[in-house]
Amino acid sequence: MAVKLQLVALLLATAVQLGARADCIWYGESHMIGEHAQNLAYSGPPLAVNNADSEAIFAKRCPTLYAEYKGENGDEELKLCCDAKQIVTMDGGLTQADGVYSRCPTCTLNMALTVCSMTCAQNHSLFLTAYLAKNPDDVDFVEHIDYRIQDESVMKIYNSCASIQHPQTGRPAMDLGCGAYNAKTCNYRKWYNFMGDAENSDYVPFVINYMWSEDAPEGSDDYYLEVHPLDCGQSYEGNYACACIDCEESCPLTEAPTGPVDPWQVAGLYGITFIVALVLGLLITGFICWGATGDRRGANVCMPTLYGEFLYRGCRSWGTFCAKHPVLVLALCSWAIGGLGYGIVYMNVTTDPVELWASEQSQTRIEKDYFDQHFGPFYRTNQLFVKPVNKNTFTHETINGNLTFGPAFEQSFLQEVFELQEQIMQLGMSEDAGLDKICYAPVLYPGLTPTVDDCVIQSVYGYFQHDMSKFQSSYVDANNYTINYLNQLEDCLRVPMMEDCFGTYGGPIEPGIAVGGMPAVASGEDPDYMLATGLVLTFLGKNQNDVSKLDISFEWEKRFIDFMRNYTSTRLDIAYSAERSIQDAIVELSEGEVGTVVISYVVMFLYVAIALGRIRSCVGFLRDSRIMLAVSGIVIVLASVICSLGFWGYVGVTTTMLAIEVIPFLVLAVGVDNIFIMVHTYQRLDHSRYPSTHEAIGEAIGQVGPSILQTASSEFACFAIGAISEMPAVKTFAMYAAIAILLDFLLQITAFVALMAIDERRYLDGRLDMLCCVRSKVKPQKAHEVGVLEQLFKNFYAPFLLSKPVKIIVLLIFTVVTALSLMVMPSIEPGLDQEMSMPKDSHVVKYFRYMDDLLAMGAPVYWVLKPGLNYSNPAHQNFICGGVECNNDSLSVQLYTQSRYPQITALARPASSWIDDYIDWIGISDCCKINATTGGFCPSNSKSEDCYPCERQFTEDGLRPTPETFDKYVPIFLSDLPDAECAKAGRPSYADAVIYTLNDEGLATILDTHFMQYSTTSTTSDKFVAALREARRVQAEINEMLANNGADTEVFPYCVFFIFYEQYLTIWDDALVSLGLSLAAIFAVTLLLTGLDITSALIVLFMVVCILINMGGMMWAWDITLNAISLVNLVVCVGIGVEFISHIVRSFKQARGNAQQRAFHSLSVTGSSVLSGITLTKFAGIIVLAFSKSQIFQVFYFRMYLGIVLIGAAHGLILLPVLLSLLGPLHGLAKDSSSESLTSMSRRQSQESKNVRS
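Computed from a prediction, not measured in an experiment: that's the story for all the values here. (Residues numbered from 1 in each chain as written. Predicted model: local features only at pLDDT ≥ 70, side-chain atom pairs only at ≥ 80, totals over all residues. Heavy atoms only, no water.)

## Quick word on the overall build of the chain
A tally of helices and strands in the chain yields 43 helices and 31 strands. Judged by the C-alpha coordinates and their principal axes, the chain covers about 135 × 70 × 65 Å. Across the 1254 residues in the chain, those meeting the buried criterion constitute 57%. Contacts in the chain between residues far apart in sequence, at least 24 positions, make up 75% of those at least 6 positions apart. Of the side-chain charges in the chain, 81 are positive and 132 negative, and the distance between the mean point of each set is 22 Å. (Helix = DSSP H or I, 4+ residues; strand = E, 2+ residues; numbered from the N terminus. Buried < 20%, exposed > 50% of the residue type's maximum accessible area, 1.4 Å probe, protein only. Contact = heavy atoms within 4.5 Å. Lys, Arg positive; Asp, Glu negative; His and termini not counted. Charge placed at Lys NZ, Arg CZ, Asp CG, Glu CD.)

Spelled out as structure tokens, the structure:
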């Protein structure tokens, strides 16, 4: 009611203003100039229209004037200063405006206030001044006019239209409607001046010189038209206010998104773990200091073994059998190895990044597959980033002042870039395998074959339509200013939607995609593209689900890569990438590291070959060495890896080259350690006590077999649990590693035992190593042997470490380091930077770096709406559209609202909406056309006599097509190309976005659709993860809206990058679950295989947890992120940590004496084997990885494996013996005098080592 009263008041005011004088400046049409009708000069009173159709048009377009001129009762004769033809012409002009502004009825009716007043008002001469000329018939016509108008009136009209969006582009409509100005720089005067500029606009019929009231000379008597437009949130009678997307006043009050809430922090670290670590550290430190003040004994500890003798006897019998029948055992093992190894021929190795990082059951993988199957895969992107060597800015003088341009627009640089682009565009053309065969060309009518000019190429060269002569054109204008390529760039970078700036493919060149390196601006603001420091050239290619159809694309992309690799320039600094580049780099990475891996294995082999023997002199080197045994042991390790690959090859589990190269490291670490322990245990035995070699070997296996079984079982369980992970990289690695560990254990207790027996017989027969046919003249010694490393441990290291002062220092240092590691561990950043996954010398690394600098626009996000809506039903339309009558919480409105907070949501623009554009398109009479002969599609711009407008019907309010009309013309909308009259035709933007079927009557049923929305730039893992997290939140809110409205459908976001970053949403949860289950498995296995010795199991568990915590601290300090690769390595850390701990704990339990003496014995005897067998072996191999060309190898394998070895060795060989020495009396076992000296204990235990039993 308030609005109606206001309208009455406005009408009265208008009547007073316009009724002062009644004469016209024109009436009727004179002749045509181009496509525009000119008006006949006329200075008489207004005349009657006398045409019902034109009067109806005037009533629709000019309701305010119509109500005034028809009188209070509406029965007066309509008299105007325009005839029926002029009304139709005016309607045609406003129809063009409808193509841009019709989403907001208030805006179009506000605009019509001034257009109707200019065209038909009864008193033109009050505010219009006509300038006449002669037409070809020598009759006066109005050549141009002065239009005096109030600033405030036009400002209100402009404000009502300024926020209207153009759904296809996601840009404000003012980018299309303000000439050389975009929505940011436009204002009401610039807008109206453009609409009156016939010289620079093909759509203005004659020059309209707007004269503004605020510029009027003081004391002027000239009348300036004043109209009274409504705000966009208000509505004219019988119409609707603008929708939320186009008018902020119409939006419901909503709270801005806040993003994830940061947890409580202390000094930049997670507060909870900081406090816990600090409290525990202080308590333990205080306890250590308290214990160091006196001679206190540890608490009584029980280490029971309920069935340990059973394991000892079983392992001894098994070892004796294998040593007694070596040939049989080796034959059986060789058959098993051959059978399993043959499965390698069925092994499938993948280089597809999606297969590497995304589980088939992951949400993003399912969504990607759905999108690909329904809409086709995302485009194949081939891209160049180009920077000039010259970094200087420069200025260009114009009539509006000096313009500053960035170094990317220097003419010689641009010319060379454009010449390079032309060469790329010609690649393969002579072989009929050029860009035109593989490119994406959406702006073509159905059935046409694209040329290179039809291909979507996003490059500033498109602003010159790939015409070098146009780029080089330069002249001096009448004001003595140079007009050249820089003027065109200024216009196009500011307003890329101008037709003069369209690329040859028929669409705009996005500045945010074509240039980069501008100074940073506030989020949501457009950067100053004229200050760009680099250019981006993007060649989009078609993609296919069927890879076999992409051979020509692969060929062109290879030709592109080869061309760019050989291209040189002194002016251009180029980074480039093709769609296939990442997969090529993965292959290159795998193949490039084969040499590094082989060298690493060779170094470990040489160390093992030398360290395994007991070499006393150079003369007896070949007699005492165990090179062949060492070779055999390593061959067994590699055989277990081959058998694992073969086993999973039979099963059909895909793997990666990285897994194939890394798993042998793990198995060597475990396997070589066991080899050293078995050989050293056998060498320590007093062989004179055993009647045969096989019995002695059996005894050695009986002593160490349970320990080896314990570690192997723990590691197998650890990796078997890791295989339940949904991350393919973790899952496949764990599966292959688990079987490799199992097979390595089985081969070591069978084949290696048999080989030990054969090698020992060789030694006892006096035959030389590697030269078995040659006998040595020196009689072999049968006395049990103590190695040099063991002697160093007994005589120097163990006494030093287990002295009281050193133990206190060790405990304090480990307490502090572990507490600090616990503080910082939760602060490890999730993610994996893209360039780190590539070889250092790959062209993709430079491409990723330049992407950080130059990419100004993010990847598109597609909001996919599954079937379930009846799109011809206005109620269902309201769930998703963004225009008039649409719900305030519709899909489009929600996406628009989220785009207003790009710094949080990472959504840069409103989403494109095919349904809004379709409703607008079908509402324009001349856009939908049908061929009279075929009944099929006709282009909207066709002038053929066979093409006629579609028969359309609308709902009562005239805003929506009826269901039948909606369904009937969807295919035509999706086939039509946009132009000035039908700017919202849908083929370029929506042909691939709407999936529909046709029934027998030709009516469409729409199934799947998507709504595309540009995101902000994301180049780091944390930004991608944040964008995905926000997209999931928006998805949940939209799906909740759909569910609340009873809609049986759902929406999901798809972005080509999301699939690689979903793992980081739950990486911490996955890591804690995987590591927690692995630790639980280790505890359970240790408990079972130690005869339910819970003390040993808890010690092993505690030490492995400490190793993990310190590994976390090392990762934080060394900037190693948490991802699938580092999680695999943490699982490896758990497995290898057991190796460092379990053997020493079992040796401690087997030894005699008090805790100090047992710790001394376990450190001296078993610790030396652990140091030589796993620490030094792995250290030798890992050092080689430091020279790898791959950053993944350097960071995630060299750094992490070095950390695993050093941290594991530190805990197993330093902290563990100290903790064991502090245990109290061990119940059930004999105790020796605690006052016995370390030296005498060493001598006694050396004599008693032969009596040690499991």
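We are not done yet, so read on.
## What about the pattern of salt bridges?
Applying the stated criterion across every chain, the model contains 37 salt bridges. One salt bridge in this structure joins R494 and E490, with 2.9 Å as the shortest N-O distance. Note that R494 and E490 are positioned in helix α17 (residues 485-494) at a spacing of four residues, about one turn of the helix. For R494, a relative accessible area of 18% gives the class buried. Of the residues examined, E490 reaches a relative accessible area of 12% and is grouped as buried. (Salt bridge = Lys/Arg side-chain N within 4 Å of Asp/Glu carboxyl O.)

## Some thoughts on the sheet that holds strand β28 (residues 994-998)
One open sheet accounts for four strands, arranged β28-β29-β24-β30; its pairing is antiparallel. In this open sheet, the two strands that pair with only one neighbour each are β28 and β30 (1051-1054). Averaged over all neighbouring strand pairs, the angle between strand axes comes to 20°, with direction disregarded. Bridge count for strand β24 (residues 860-865) against strand β29 (residues 1004-1014) is six bridges, and the pairing is antiparallel. Directly across from W863, in β29, lies its bridge partner F1011. Running over the sheet, helix α31 (residues 891-899) touches β24, β29 and β30 and is turned about 5° from β29. Sheet strands in contact with helix α36 (residues 1021-1044) are β24 and β30, and its direction is about 160° off that of β30. (Pairing = 2+ DSSP bridges. Axes fitted to C-alpha atoms, helices over the stretch in contact; angles between N-to-C directions.)

## Observations regarding the nonpolar core
Ranked by internal contacts, the top residues of the largest apolar core, which has 167 residues, are L666, F719, F733, V1132 and F1196. When residues of this core are assigned to their parent elements, the largest contribution, 21 residues, is made by helix α26 (residues 728-764). Counting residues in each nonpolar core, the second largest holds 62 residues, with F418, Y440, F464 and A514 among its members. (Core = buried A, V, L, I, M, F, W, Y, C linked by side-chain atoms within 4.5 Å.)

## Description of helix α25 (residues 693-722)
Here α25 contains 30 residues, and its C-alpha end-to-end distance of 41 Å stays within 8% of the 44 Å for a straight helix at 1.5 Å per residue. The sharpest bend along α25 reaches about 45° and sits at V704, with the proline P706 one to four residues further on. Among the 30 residues that make up α25, 24 are buried, leaving the element largely enclosed by the rest of the structure. (Expected span 1.5 Å × (residues − 1). Bend = angle between axes of the 7 residues up to and from the residue.)

## A word on a nonpolar patch on the surface
Residues W264, I272, I275, V276, V279, L280, L283 and I284 make up a contiguous nonpolar surface patch of roughly 780 Å² in combined accessible area. For L283, the position within the fold is in helix α9 (residues 271-292). Given the relative accessible area of 57%, L283 is considered exposed. (Patch = residues over 30% accessible without salt bridge, like charges linked within 9 Å, V, L, I, M, F, W, Y side chains within 5 Å. Areas by Shrake-Rupley, 256 points an atom, 1.4 Å probe, with all protein chains shown as cover.)

## With respect to the packing of aromatic side chains
Applying the stated criterion to the full structure yields 50 aromatic pairs. Ring geometry for F394 against F405: centres 5.9 Å apart, planes inclined by 20°, an arrangement best described as stacked. Taken together, the residues span a long stretch of sequence, with F394 in strand β14 (residues 394-398) and F405 in strand β15 (residues 401-405) at a distance of 11 residues. F394 gets classed as partly exposed once you look at its relative accessible area, which sits at 21%. Ring centres 5.4 Å apart and planes at 80° place the aromatic pair F464 and F471 in the edge-to-face group. There is no split in this pair, since F464 and F471 are both buried. (Phe/Tyr/Trp six-rings, centres within 6.5 Å; stacked < 30°, edge-to-face > 60°.)

## Regarding the environment of E218
One can find E218 in the loop between β9 (207-212) and β10 (265-266). Looking at E218, the relative accessible area reads 85%, which means it is exposed. Residues E218 and L550, 332 residues apart in the sequence, show an inter-C-alpha distance of 73 Å.

## A closer look at the domain arrangement of the chain
The domain boundaries assigned to the chain delineate domain 1 (21-250), domain 2 (306-346 + 586-771 + 786-831 + 1066-1223), domain 3 (379-542) and domain 4 (844-1062). In this complex, domain 3 contributes 25 residues to the contact, which on the side of domain 4 involves 23 residues. Between domain 3 and domain 4, a total of about 1900 Å² is buried, with carbon and sulfur atoms accounting for 62% of that surface. For the salt bridge of K387 with D853, the shortest nitrogen-to-oxygen distance reads 2.8 Å. For the interface between domain 3 and domain 4, the tally reads six residue pairs in polar contact (both at pLDDT 80 or more). Residue assignment for the side of domain 3 that touches domain 4 shows that the elements contributing at least two residues are β13 (380-388), α18 (511-514), β19 (515-516) and β20 (534-541). Element by element, the count of residues in the side of domain 3 that touches domain 4 is highest for β13, at four residues. The class makeup of the residues in the side of domain 3 that touches domain 4 is 14 nonpolar, eight polar and three charged. (Domains from an automatic or database assignment. Buried area = accessible area lost by both parts, 1.4 Å probe. Polar contact = N/O pair within 3.5 Å; in protein donor to acceptor, adjacent residues only side chain to side chain. Nonpolar A, V, L, I, M, F, W, Y, C, P; charged D, E, K, R; others polar.)

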